[in-house]
Amino acid sequence: MTNTPQANESAPDVAMDLRSSFRLDGKVAFVTGASSGIGQALALAFARAGARVALTARRVDRLAEMAEAISATGGKAMAVALDVTDRDGITRAFDEVTAKLGVPDVILNNAGIAKPALFLKTDAQTLESTMATNFTAAWNVSQEAARRLVAAKRRGSIINVTSVLGIGVGAGHAAYSASKAALAHATRAMALEFVRHGIRVNGIAPGWFVTEMNADFFATEEGIAYLKKTPPGRAGRLEELIGPALLLASDAGSFVNGVILPVDGGHHTALA
Ligand SMILES: NC(=O)c1ccc[n+]([C@@H]2O[C@H](COP(=O)([O-])OP(=O)(O)OC[C@H]3O[C@@H](n4cnc5c(N)ncnc54)[C@H](OP(=O)(O)O)[C@@H]3O)[C@@H](O)[C@H]2O)c1
């Protein structure tokens, strides 16, 4: 008798279909901040990967156009008005989405705001709204989602959009950086507690991407010069977030849990 395991017990399943493991067919994605920038790009990508997508934000007219475009290409999406700082509104949005699409099992906490200010010039309102949108809202959406998944005995994947500034800081971004670092730590805490329910929780930490949030600055000479000095020497392209997001959302990432994945061309390596 030998203790050597049989080949078929230890060998990896290399026959897995690499392309289908990244797909989201049969899943229901709930995306916050889907009306522009990163959230819009990833919501469209989730739909293309086969998910039924709940597009949420305050500018619901934009979401309705996106939902129409998704339907026109054979996908399924719905527009839901949601201010993520409204706790009861989150519950109502989940009720509406669950009734029409099913229990959300891919959650993208993407809604966020940035109000750059030096620490000594950051007023209470700026700190409060930054934490409410970037941190507390993602906490509440995750709690709502996870409660429903646990009750339904369903697996799921929660992805929190943090930032390179949640890893290292830059002058003038204290409130924003703190909100994203808090979200990164909450991500790890949830990952640890939810794993026994089959719910994975990860973060994506984008470097700089030109969106409505920062387009004015990156159009200035100062902004262009700043980008050139970052390690990648350029902003990311929104499509460069799709592969990482699909990895975390899909079964391709079934054993990835509690990580904050920088998608920044290596920018984080140069931060404190
Ligand atoms: N762009 C970057 O360089 C960068 C880098 C690192 C991290 N991020 C993060 O990426 C995420 C997306 O930002 P973005 O760059 O794509 O900026 P964006 O184009 O300004 O998008 C922000 C999104 O958040 C939504 N939002 C803001 N406040 C909201 C609220 N109270 N309730 C519901 N939705 C709200 C907005 O929708 P409505 O206004 O329609 O509600 C919008 O869809 C943010 O969390 C941001 O911090 C961005």
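These numbers were taken from a predicted model, which means no experiment stands behind them. (Residues numbered from 1 in each chain as written. Predicted model: local features only at pLDDT ≥ 70, side-chain atom pairs only at ≥ 80, totals over all residues.)

## As for the overall build of the protein chain
Item 1. A count of helices and strands for the protein chain gives 9 helices and 7 strands.
Item 2. The C-alpha atoms of the protein chain give a radius of gyration of 19 Å, which matches the 19 Å a tight globule of 272 residues would have.
Item 3. For the protein chain, buried positions account for 40% of its 272 residues.
Item 4. Counting contacts in the protein chain only where the partners sit at least 6 residues apart, residues at least 24 apart contribute 72% of the total. (Helix = DSSP H or I, 4+ residues; strand = E, 2+ residues; numbered from the N terminus. Rg over C-alpha atoms; globule rule 2.2 N^0.38 Å. Buried ≥ 20, exposed ≤ 12 C-beta atoms within 10 Å, placed from the backbone. Contact = placed C-beta atoms within 7 Å.)

## A closer look at the environment of methionine 131
Item 1. Structurally, methionine 131 is set in helix 5 (residues 124-152).
Item 2. Assessed through the 18 C-beta atoms surrounding it within 10 Å, methionine 131 is described here as partly exposed.
Item 3. Along the sequence, methionine 131 and methionine 66 sit 65 residues apart, while their C-alpha atoms lie 28 Å from each other.

## Overview of the site of the ligand
Item 1. Residues in close proximity to the ligand total 29 residues, the closest being Gly33, Gly37, Arg58, Arg59 and Gly112.
Item 2. A per-element tally of the shell around the ligand places helix 2 (residues 37-48) first, with 3 residues.
Item 3. Considered class by class, the residues forming the shell around the ligand number 12 nonpolar, 13 polar and 4 charged. (Near = placed C-beta within 6 Å. Nonpolar A, V, L, I, M, F, W, Y, C, P; charged D, E, K, R; others polar.)

## A word on the sheet that holds strand 7 (residues 260-263)
Item 1. Here 7 strands make up an open sheet; going across it, the order is 3-2-1-4-5-6-7 and the pairing parallel. Of all strands in the sheet, those bounded by a partner on one side alone are strand 3 (76-81) and strand 7. Each strand of the sheet is rotated relative to its neighbour by a mean of 20°, with strand direction disregarded.
Item 2. In terms of strand pairing, strand 6 (residues 199-206) meets strand 7 through 4 bridges, oriented parallel. For proline 206, the partnering residue across the bridge sits in strand 7 and is valine 263.
Item 3. The sheet strands contacting helix 2 are strand 1 (28-32), strand 2 (52-57), strand 3, strand 4 (106-109), strand 5 (156-161) and strand 6, and the helix crosses strand 1 at an angle near 170°.
Item 4. Strand contacts of helix 4 (residues 87-100): strand 1, strand 2 and strand 3, with the helix running at about 160° to strand 3, the strand carrying the most contacts. (Pairing = 2+ DSSP bridges. Axes fitted to C-alpha atoms, helices over the stretch in contact; angles between N-to-C directions.)

## Some details on the packing of helix 4 against helix 5
If you want to describe how two helices pack, look at the angle between their axes and the distance between the axes.
Item 1. At their nearest, the axes of helix 4 and helix 5 sit 10 Å apart, and the two run at 40° to each other. Classed by the angle they form, the pair helix 4 and helix 5 counts as oblique. Every pair of crossing elements has a handedness; the one defined by helix 4 and helix 5 is right-handed. Residue-level inspection shows Arg87, Ile90, Thr91, Phe94 and Thr98 of helix 4 in contact with helix 5, the latter providing Asn140, Val141, Glu144 and Arg148. (Parallel < 35°, antiparallel > 145°, perpendicular 65-115°, else oblique. Left-handed = near helix turned anticlockwise from the far one by under 90°.)

## A closer look at helix 6 (residues 174-194)
Think of an α-helix as turning once every 3.6 residues; residues three or four places apart then point the same way.
Item 1. Given a rise of 1.5 Å per residue, 21 residues ought to cover 30 Å, and the 30 Å separating the end C-alpha atoms of helix 6 matches this to within 8%.
Item 2. On its buried side, helix 6 packs onto helix 5, strand 5, strand 6 and strand 7. (Expected span 1.5 Å × (residues − 1).)

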